[in-house]
Amino acid sequence: MQLSDAEIREILIRRKREKKRRLRQRRRRTLIILLLLIVLIFVLVKVIGHGGKGSGKDKKSAGAAASGENRGIIFIDPGHGGMDSGSDDGNERYEKDDTLKLGLAVRDKLEALGFTVVMSRTEDELVDRTERGKMANKAGAQLFVSIHRNQSDSGGQGVEGFIPKEDDKNSRLLGENIMHFLGKAGFAERTIRAGTLGDPNDDYEENAATEMPSVLIEVGFLSSDDDNYRFDNNLDQNAKAIADAINYTFMLLHEPDAAAEYAKMMSQTDEACNTALTATGEALSGLNAIQSRAADGTIEGIDPEA
Ligand SMILES: [Zn+2]
């Protein structure tokens, strides 16, 4: 079949149009990828920028430990031990084992932060409760933390603590900080009370003997499956929370400049999280706009009819 000149011209024009259409598509795709990259880089710079500041300071305090600096003495008391198994979950899970596991992990974190840590026990042995407080006094400890786990038949959850009946502000500060930091790690926050559960004018034996700020902290309930899950699956994070709270309390009491810097860093971390969330939200809505404009072919700089 012979094509007329007009038909040949028509075919050539169609081919040219097709070529232009493909070119347009390619340019559109390139522009979208470029815009996505810009958004991604923007978000990354924001997040890394803030994260970098925080980790720089972390390195600084870790450096203190590496240089062998002894910032202070902390006494860690893993509750119960030996014949005294403490609470149990009715299924051969004992408080004395949980407190030792967590206590040893807290010790490691504190040593990495430059502290000397003295412990009431590092294995499954019975130590007199009053003796634990006296051991801390003898060691010249500046803070005393007794680690326990709670039990309740009526379904309690979360962290609570007991400080000496005098309700001194430094013991309260230590207790509140540990509770808040564990709260950030996922536990419910209950309360810090002076005295014992049944009597505000009585003391648990450990708190009765101590001569420094001291708290007996209940890290969740052994009788709660949810708390046991938090305890088991976040052991490292929980140990870090307690060590960071002790570190921050120590700074507030003995290193005011470092405490101010640390508080600033904590608020910057919160701020960085919020900024990253906002930036991600903006990036997503920007992406939606780009997609819908690409769909109807009205992206700036590209004339769909060209
Ligand atoms: Zn206990």
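Quantities reported herein were computed from a predicted structural model and do not represent experimental measurements.

A. View of the overall build of the protein chain. Secondary structure assignment for the protein chain yields 8 helices and 6 strands. Listed N to C, the secondary structure of the protein chain is α-β-α-β-α-β-β-α-β-α-β-α-α-α in terms of helices and strands. Counting all 306 residues of the protein chain, 31% fall into the buried class. Sequence separation of at least 24 residues holds for 77% of the intrachain contacts in the protein chain that already meet a minimum separation of 6.

B. Local environment of unusual backbone geometry. Despite not being glycine, E92 shows a phi value in the positive range, around 65°. Mapping E92 onto the fold places it in the loop between β1 (73–78) and α2 (95–112). E92 sits in the exposed class, given 8 other C-beta atoms within 10 Å. Even without being glycine, D167 reaches a positive phi, approximately 55°. Tracing the chain through its elements places D167 in the loop between β4 (159–163) and α4 (169–184). Accessibility expressed as a C-beta count within 10 Å gives 13 for D167, which makes it partly exposed.

C. Up close: the nonpolar core. Core analysis: the biggest nonpolar cluster contains 44 residues, and I74, L143, I178, L182, I242 and I246 have the highest contact counts within it. Among the elements that make up this core, the one with the highest residue count is helix α7 (residues 235–254) (9 residues). In this view, I178 contacts G161, V215, I217, I242 and A245; residues no more than four positions away in its chain are not counted.

D. Spatial organisation of the sheet that holds strand β3 (residues 143–150). Reading across from one edge, β2-β1-β3-β6-β4-β5 is the order of the 6 strands in this open sheet, with mixed pairing throughout. On the outer flanks of this sheet lie β2 (116–119) and β5 (189–194), each paired with one strand and no other. The average undirected angle you get between the axes of adjacent strands in this sheet is 20°. Bridge analysis of β1 against β2 gives 4 bridges, and the strand direction is parallel. Looking at the pairing, I73 lines up with T116 of β2. With respect to the sheet, α4 is in contact with β3, β4, β5 and β6 (214–221), its orientation differing from that of β4 by roughly 170°. On top of the sheet, α7 reaches β1, β3 and β6; it is set at about 150° to β3, its chief contact.

Parameters and conventions
- Residues numbered from 1 in each chain as written.
- Predicted model: local features only at pLDDT ≥ 70, side-chain atom pairs only at ≥ 80, totals over all residues.
- Helix = DSSP H or I, 4+ residues; strand = E, 2+ residues; numbered from the N terminus.
- Buried ≥ 20, exposed ≤ 12 C-beta atoms within 10 Å, placed from the backbone.
- Contact = placed C-beta atoms within 7 Å.
- Core = buried A, V, L, I, M, F, W, Y, C linked by C-beta atoms within 7 Å.
- Pairing = 2+ DSSP bridges.
- Axes fitted to C-alpha atoms, helices over the stretch in contact; angles between N-to-C directions.

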